[in-house]
Amino acid sequence: MTEEGRRFAADYARLAGDIVNPLLAVSGGPDSMAMLTLAHEALAPGFTVASIDHRLRPEAVEESAMVAAHCATLGIPHTTLAPSEPITGASIQAQARTTRYALLTDHARAIGAGGLVTGHHADDQAETFLMRAARGSGLAGLAGVRARTEVHGVTVIRPLLDWRRAELRAIVRRGEVPFFDDPSNHDDRHDRTRFRRLLGDNEWLGTPNLARAAAALAETDTDVRAMVDWIWADRAKVGGGEVKLAVDRLPREILRRLARRAIGTVRAEAGIAAPEWTEAANIEKLLDSLMAGKRTTQAGIIASVRGNVWRFREAPPRRAPA
């Protein structure tokens, strides 16, 4: 085994020692084709590969076919997945990402894969960090791409987060592995493209250091999540369609996360689908009101204060105008 193969095997084992028969997401770009090359060298047989045809570019059919053909030469099962409905929306890249993970995780469950493996690397991590910093993201956002996480109930691992883009491209070029360059990676209409160029033109920004900063924040975020779980178990009372939280002597970041969880819990129990809600929703005005002892509403939930307890319940329907 090559030195690179041993390095990949160690990185993979650190994240996925409990995962059997993983599914590798391989787009056909140099990064994912390098991951496939390393996996073929370093991992035991049993993994499978899937590519996504988002049906946004006619070239995607040929690209998926290229991955399928290369997998056939390696003796690795391959599947091309495509959405049943066209991808639309203001942010095509964001919509494509949502669709991509839905297709991949559904397929992983269908074939009994133990987890999903993606080819995100250190340059991706640095780009994500800068993009989110520019948008004013908090701790969870700045933590960037996680080395191991869960999406739609499927474990997702990213063993290449310590690898540079140039290293991965060198692997496929040296091995004469086929690959293609997605033209959207050079399209300045996309935020990521602009930040990629910013990093490429300014080496002093230090891509590895930015990636390490994101990893450190991810570790901190994991610790904060664990604290929130502990505090929720100790201080939250859930039942009767409401959540009551004892909030005395808690810092704002903990309150922010507890309030989001309370809102999500009540919405799920009440079957509230609209207005839209995510765990990343901005609730700063809600926190300001509650910390000032005022009642407020958000996402179909009414929150009120009594002493050191915050109460969350479904908001009553609005009265129709007379």
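Residues numbered from 1 in each chain as written. Predicted model: local features only at pLDDT ≥ 70, side-chain atom pairs only at ≥ 80, totals over all residues. Heavy atoms only, no water.

An unreviewed UniProt entry lists the protein chain under the name tRNA(Ile)-lysidine synthase, with Sphingomonas aurantiaca as the source organism. Recorded in UniProt for the protein chain, the comment headed Sequence similarities (unreviewed entry) runs: "Belongs to the tRNA(Ile)-lysidine synthase family." (UniProt positions renumbered as here; feature names shortened; annotations may be inferred.)

### A short note on the packing of aromatic side chains
This structure, assessed with the given rule, holds one aromatic pair. Positioned above the aromatic ring of Trp 163 is the side chain of Arg 7, whose terminal nitrogen or guanidinium carbon lies 3.7 Å from the ring centre. When the ring centre of Trp 232 is taken as reference, the NZ or CZ atom of Arg 261 above it lies at 5.3 Å. (Phe/Tyr/Trp six-rings, centres within 6.5 Å; stacked < 30°, edge-to-face > 60°. Lys NZ or Arg CZ within 6 Å of the ring centre and 35° of its normal.)

### Quick word on the UniProt feature "binding site: ATP" (unreviewed entry) in the protein chain
Mapped onto the present numbering, the UniProt feature "binding site: ATP" (unreviewed entry) falls on Ser 27, Gly 28, Gly 29, Pro 30, Asp 31 and Ser 32. Relative to the assigned elements, Ser 27 resides in the loop between β1 (23-25) and α2 (30-42). A residue is classified by how much of its surface remains accessible, and Ser 27, at 44% relative accessible area, is partly exposed. Non-local contacts of Ser 27, meaning those with residues more than four positions away in its chain, are made with Ser 32, Val 67 and Phe 180. By the element assignment, Gly 29 lies in the loop between β1 and α2. Residue contacts for Gly 29: discarding those within four places in its chain leaves Phe 179 and Phe 180. (Helix = DSSP H or I, 4+ residues; strand = E, 2+ residues; numbered from the N terminus. Buried < 20%, exposed > 50% of the residue type's maximum accessible area, 1.4 Å probe, protein only. Contact = heavy atoms within 4.5 Å.)

### Here's the deal with the environment of Val 151
Inspection of the secondary structure puts Val 151 in strand β5 (residues 148-151). When sequence neighbours within four positions are dropped, the list of residues in contact with Val 151 reads Tyr 101, Thr 105 and Val 156.

### What to know about the sheet that holds strand β6 (residues 154-157)
Pairing in this open sheet of six strands is mixed, and the strands run β3-β2-β1-β4-β6-β5 from one edge to the other. Edge positions in the sheet fall to β3 (78-81) and β5, since each has one partner strand and no second. When β1 meets strand β4 (residues 116-117), the two strands line up parallel, connected through two bridges. Along β4, the bridge assignment pairs Leu 23 with Leu 116. Taken strand by strand, helix α1 (residues 3-16) contacts β4, β5 and β6, and its axis lies near 150 degrees from that of β6. (Pairing = 2+ DSSP bridges. Axes fitted to C-alpha atoms, helices over the stretch in contact; angles between N-to-C directions.)

### Looking at the nonpolar core
Formed by 30 residues in total, the largest nonpolar core has its most connected members in Phe 8 and Val 49. At the level of secondary structure, the elements contributing two or more residues to this core comprise α1, α2, α3 (60-74) and α7 (165-174). Per element, the largest residue contribution to this core is seven residues, and it comes from α2. Setting aside anything within four residues of it in sequence, one finds Phe 8 in contact with Met 35, Leu 38, Ala 39, Ala 42, Leu 43, Pro 159, Leu 160 and Trp 163. Among the nonpolar cores identified, the runner-up in size contains 28 residues, and Val 228, Val 266, Leu 290 and Ala 303 belong to it. (Core = buried A, V, L, I, M, F, W, Y, C linked by side-chain atoms within 4.5 Å.)

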